[in-house]
Structure formats: C-alpha cells, structure tokens
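Single-letter residue listing:
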Amino acid sequence: MTQKLQPTWDLDVIFPGQSDSEALRQFVNELSEEIETVTESVNNLEANGFGEDWEHVLKQIELITKKLREMGAFISCLSAQDVTDKQADIYVAKRAQIAAAHSALTKIVDQKLGAVTEANWDLLLEREAIKPLQFILTERRERAREQLSKNEEILIGDLAIDGYHAWNQMYETIVGNMKIDIEEDGKVQQYSVGQAANKLSTPDREQREYVYRRISDAWKANEDLFGQTLNHLAGFRLQTYKHYGWDKVLKEPLAKNRMKEETLNTMWGAIEKHKSLFADYLHQKASLLNLDKLSIFDVNAPIQSKMEKKSYDEGAAFIVEQFRGFSPQMADFAQMAFEKRWIEAEDRAGKRPGGFCTSFPLSEQTRIFMTYSGTPSNIATLAHELGHGYHQYVMNDMNGLNQGYAMNVAETASTFAEMIVADASVKMAATDEEKLTLLEDKVSRSVAFFMNIHARFLFEKQFYEERKQGMVSTERLNELMVEAQKEAYCGSLSEYDPHFWASKLHFHITGVPFYNFPYTFGYLFSQGIYTYAKDYKGDFEAKYTALLRDTGRMTVEELAEKHLQVDLSKPEFWENAIEICKQDVQEFLELAKKVEK
Ligand SMILES: [Zn+2]
C-alpha cells in the first residue's frame, strides 16, 4: 500500500446517490414485488409436483435471499454513517416490512418441503441442481415436520406478537425510560442506562463504585417490572415447547446452532476443569489495582490507560502483514478492502457507535463500519471485521441458500483474524507495561467467555427449570443470579451482581433463546483452529477456506470432523483450545509480578 488510504467508504459503487439513490428506490420496490410473485408461485406449487418446479422456485428464492441481504446491508450502512439521515430511517422501516414478507414466504416453503413424501424427497435430492442444497433443505424439512398443524402455527404466530415479543419490547421501553442521576464535579447529571454503564470503565475506583451503585439502585427500583417481563416471555416459550412436545429447553437453541448437547456439555466441562488459572488472573488483577479481591464492577476495569497509537495507514499495514503470515489470500483480501474503500473508519461526529461488517452478496463486496482512533483495540476491531468480510469473500461463488451460518460459527473467521493481530501486538509491544495491558485485554476476553457468559448460561438453565413450576419471584431471580455468578467466577469476587438478569438484554431477546453459549463456542472453536493452524505443516490456507465454506451446510460436529479431524464431543479439542488461553494468563501473571516489583 503505497498511496495514503482514505478512511471513508465508497457506497456509490453499489447504489449511487446515498439515501436519495434512485437505483436503490427501484431495487427496493422491485424486491417487494418479486417476493409477492414468488409467494404466489410457491403457493401454487404441488408438494409432490415435478422436480423442475422445485428447481425453479428454489432458484428464485435464492435470488430473493441475496437481494434481501444486498438491500439490508446498504440500509445498515446508510443509517450507521449518519444518525440524522431521515431517509435512512424510512428505509429501515421498509426493510422490516420486506423482511416480514420474506419470512412469511420462507414459512410457506418449509411447509411445502415438509409435505413432500419420502419417495419424492429422495428423487428431488438426486437432481443435480438440488444436490448441493441437501443439508439445508433436509434441515428445513425436518423442522417443518415437527410443527403443529398449519392453523395452530398461524395461531401461535399471531398470539406471539402481543403475547411474546411484546414482553421484549416492554423490556426495552422500560430500560429506555430509565434515567440515572450521577454526580460529577459537584453537578448532578441525568444519564441513560447505556451512558451510565460506559462510565464503569473509569480507572478511578471510587467513581466506578459510585456509578455502579447508582446503576444497581435503578435496576433494583424496577426489578418487579423486569421480573414480570422475564417470567412471562419465558412462560410463553415454555408453553409453546410443551405443545411441540419438547421437554428440554435447550432443544431449540441447540438446533439453531446445529450442535449436539453432548458437545455443549463437553465444552463447559473442559472450561470448568481449567478455570482455576483464570481465577488466579482475577486475583492478580486485584493486586494490580491495589485491592484484596475484585468486585463484579472491577472485572473490566482498565489496569493502564496510556497506549501507543498507530495511524490508519500504519494500522492497515500492520494487519495486512500479520494476516500474510497465515494466509496470503486473507492478506490480499484485506489490502483490497483498504484500497477499494470498503471501510468507513473516520473519527467524526454523527456516526453510530460500535462496529460491524455487512456484505453485499450480489455485488460480491463487503463494507466495514467502525470509528478508528488508533488504539490497539481499534486495530483488533478492524481485524475482527475484516475476518467477517473474508468469511463472506470465500463464500461468494456459493449458492445463496448455503451461505447462512449459525451464530456459533459466525464468529469463527472474525475471532481468528483478531487473534492473529492481537498476538502480534503482544509480541511487538514496546514496553513491559504496554505488553501487560495488551495481555490483560486478551485474557479478559477469555474471562468474559468462560466466566461471564458461563454465569448467564447457568442462570438461564436453572431459571427455565424453575419457571416450569410457576412464576419465579424477584428474590429468587436475584438469588439464582448470584449463585450462577459465584459458580462461574469460582467464588473469586468480593461481590456479585444480583440484578444482572434484569440488566442484560440478552435474557429478554425473544427471537434467540439462550443468547449466550454460542459466543463461548465460537470463541473456543476459533482458538482451536488457531492452535491447529500453528501446528499444521501442509497448506493451511486451503484447509481454512474449505472449512469456512462449509459453515452454512453442516453441523458443527461434521465441520470439525471433516476439516480438523476432531470429535467435538470429546474434551481434547476444547482442552487444546483452552491451553492457548492459559498461556496468555501465565505470561500475564509472570509479567505482572515483574512490573509490580
Ligand atoms: Zn463479530
């Protein structure tokens, strides 16, 4: 990269004219109409009709799926780059409307797939054009076959709007209205929950504890309301499970993530076995902060504030160079993304916070959104999002229906890319203090996945069991939360957060049950691949690409077996993955002792 990079993205090559784009307006209108037309032809499809009919319909559905993503991605970019763009808001609403029509179409297709007889099903899958879709179609057909009658499904869907998802909305409304008074420099200011939570990362312990107490009081004041939202949405979920004849609450989340319960239990088992070292890290961190023990609000406190910064060009060059050590193709991809302005990284007002990567499957392009100010964490984020982009890049030529991967493998490529860069940053740190901060950042991620997320999982599992017997009181919810945290953090903290079940949105998301373990799975799966890559003697790049390409058309057990020759239901893979996280802790502990002297 010789010329200076521009840190703003180019959206015009996709649809010219930003949110006033005529091409976009036309595209959106056409897509609406196409969904209607295809819905009609699917409705007319004889379940056991000719294979050609299915072939034709599936082709159309693939195209619609890609167009929907193309449109959705563009709208996400518009609304992220300028929060004041009113036209973008209109498109966001339009997108939701089109997505609803698309999901109705998907339901009809699945019902039709479920109705195909066994004999015709085999014939259908033998067709050349349909063969590559075997996994996804079989999965959808099996799911459809578990459903209740058409009328019952419609009834559940209709009742869910106000009886289920409404609790999720209610939760968000209450949280949105919460105001937290915080005194700063003698003046009391009102903050939203999110703004107040940002203040927890202050290095000043007294202030941190004060802010934490203010936030805690606010959750406590509303705990009875949240007790209602959580109990009722869980009640609805359990009631539908009962009608489906599912007795395990994990059935749905495991199916969504295409994994076996055995795999999940083995993963947690391996984590539990190796947790004590992470508890040592928490003790060491306490000592660095001059505390006997960390409280829950100290776990993410910074141990240092000053870090060397890199310009955008330097950050880009660093990422590309580090990627190259693992995969030239990945490095070339990153270089292309920088040069073709696929990245919006400018540090300016009016942008949405946070980062994301979104892909345009028709244009076969990707866009990354973030705000770059030169910190090591910015560089890690940039690498992370480029990893997502690369995942899509290797899938570009595949059938659109095979590009949908589940949450637990969605972070494979991103975490992998982030790890390469984070490791290199640690190795190249200028001073011991800087190295310690970078290591701490890495280890704190493991702690989040092994302890914080584990607590969420333990809580949720226990809560759903008790909810089967009836409403769970707020006192009991608080108690369950603290018990889960004590277990997950190996009792190493001085104080836990009884209202975490109320403050964590994820417990209240109706669309995704158990929004926790897939994070830990994804993190360790990626670590496992990273370990594998470091030891692999052959062409790792080809192996890695092949694995990524299969993420949308296999169970995770099949994926690991085929590409890494490992059995995910056995502890070995997981223990190897945890081992490299442990090495970081060991290095951190040694360095911390040295720095403390
Ligand atoms: Zn990600």
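Since we're looking at a predicted model, the values are computed, not measured. (Residues numbered from 1 in each chain as written. Predicted model: local features only at pLDDT ≥ 70, side-chain atom pairs only at ≥ 80, totals over all residues. Heavy atoms only, no water.)

Some words on the packing of helix α18 (residues 432-467) against helix α24 (residues 571-596)
Line of reasoning, step 1. In the contact formed by α18 and α24, the axes pass within 9 Å of each other and the chain directions differ by 140°. Considering the angle they form, α18 stands oblique to α24. Note on packing geometry: the crossing formed by α18 with α24 is left-handed. Of the residues in α24, those touching α18 at Asp432, Glu433, Lys435, Leu436, Leu439, Glu440, Lys442, Val443, Ser446 and Phe450 are Ile578, Cys581, Asp584, Val585, Glu587, Phe588, Leu591, Ala592, Lys594 and Val595.
Line of reasoning, step 2. Split into classes, the residues belonging to the contact of α18 with α24 amount to 11 nonpolar, 1 polar and 8 charged. (Axes fitted to C-alpha atoms, helices over the stretch in contact; angles between N-to-C directions. Helix = DSSP H or I, 4+ residues; strand = E, 2+ residues; numbered from the N terminus. Parallel < 35°, antiparallel > 145°, perpendicular 65-115°, else oblique. Left-handed = near helix turned anticlockwise from the far one by under 90°. Contact = heavy atoms within 4.5 Å. Nonpolar A, V, L, I, M, F, W, Y, C, P; charged D, E, K, R; others polar.)

Considering the coordination of the zinc ion
Line of reasoning, step 1. The protein atoms that coordinate the zinc ion are His384 (NE2), His388 (NE2), Glu411 (OE) and Glu411 (OE), at distances spanning 2.1 to 2.7 Å.
Line of reasoning, step 2. Metal-centred angles of 52 to 138° between the 4 donor atoms at the zinc ion mark the site as irregular.
Line of reasoning, step 3. Mapping the donors of the zinc ion onto the primary sequence gives the spacing H-x3-H-x22-E. Of the two residues, His384 is situated in helix α15 (residues 376-395) and Glu411 in the loop between α16 (407-410) and α17 (412-427); the sequence distance between them amounts to 27 residues.
Line of reasoning, step 4. Given a relative accessible area of 16%, His384 falls into the buried group. (Donors = N, O, S within 2.8 Å, 3.2 Å for Na, K, Ca; no water. Tetrahedral: all angles 85-135°; square planar, octahedral: opposite > 155°, others 65-115°. Buried < 20%, exposed > 50% of the residue type's maximum accessible area, 1.4 Å probe, protein only.)

Describing the side chain of Ser425
Line of reasoning, step 1. For Ser425, the position within the fold is in helix α17.
Line of reasoning, step 2. Apart from residues no more than four positions distant in its own chain, Ser425 is found in contact with Phe318 and Leu438.

Some remarks on the UniProt feature "domain: Oligopeptidase F N-terminal" (unreviewed entry) in the chain
Line of reasoning, step 1. When the UniProt feature table is mapped onto this chain, "domain: Oligopeptidase F N-terminal" (unreviewed entry) is found at residues 114-179.
Line of reasoning, step 2. Between the end C-alpha atoms of residues 114-179 there is a gap of 49 Å, over a span that is 79% helix and 0% strand. (UniProt positions renumbered as here; feature names shortened; annotations may be inferred.)

Observations regarding helix α4 (residues 118-126)
Line of reasoning, step 1. Of all the positions in α4, only Trp121, Leu124 and Leu125 are classed as buried. What you see down the axis of α4 is that its buried residues fit within an arc of 95°, all on one side. Exposed side of α4, more than 90 degrees from the buried face: Ala119, Leu123 and Glu126 are the residues found there.
Line of reasoning, step 2. As for α4, its buried residues are in contact with α2 (51-81), α3 (86-115) and α5 (134-146). (Arc of directions from axis to C-beta.)

What to know about the packing of aromatic side chains
Line of reasoning, step 1. Scanning the entire structure with this criterion turns up 41 aromatic pairs.
Line of reasoning, step 2. Ring geometry for Phe459 versus Phe463: centroids 5.9 Å apart, planes at 5°, classification stacked. Taken together, the residues span about one helical turn, with Phe459 and Phe463 both in helix α18 at a distance of 4 residues. Each member of the pair Phe459 and Phe463 is classed as buried.
Line of reasoning, step 3. Members of the aromatic cluster, connected to one another through ring pairs, are Trp268, Phe457, Phe459, Phe463, Tyr464, Phe500, Phe507, Phe514 and Phe517. (Phe/Tyr/Trp six-rings, centres within 6.5 Å; stacked < 30°, edge-to-face > 60°.)

Regarding the packing of helix α6 (residues 150-177) against helix α9 (residues 223-244)
Line of reasoning, step 1. Packing of α6 against α9 brings their axes to within 9 Å, and their N-to-C directions diverge by 160°. As summarised for this structure, α6 and α9 are arranged roughly antiparallel, according to the angle between their axes. Pair α6 / α9 crosses with left-handed handedness. Note on element contacts: α9 touches α6 through Leu225, Phe226, Gln228, Thr229, His232, Leu233, Phe236, Arg237, Thr240 and Tyr244, opposite Glu153, Ile156, Leu159, Ala160, Gly163, Tyr164, Trp167, Met170, Tyr171, Ile174 and Val175.
Line of reasoning, step 2. Looking at the contact of α6 with α9 residue by residue, the class counts come to 14 nonpolar, 5 polar and 2 charged.

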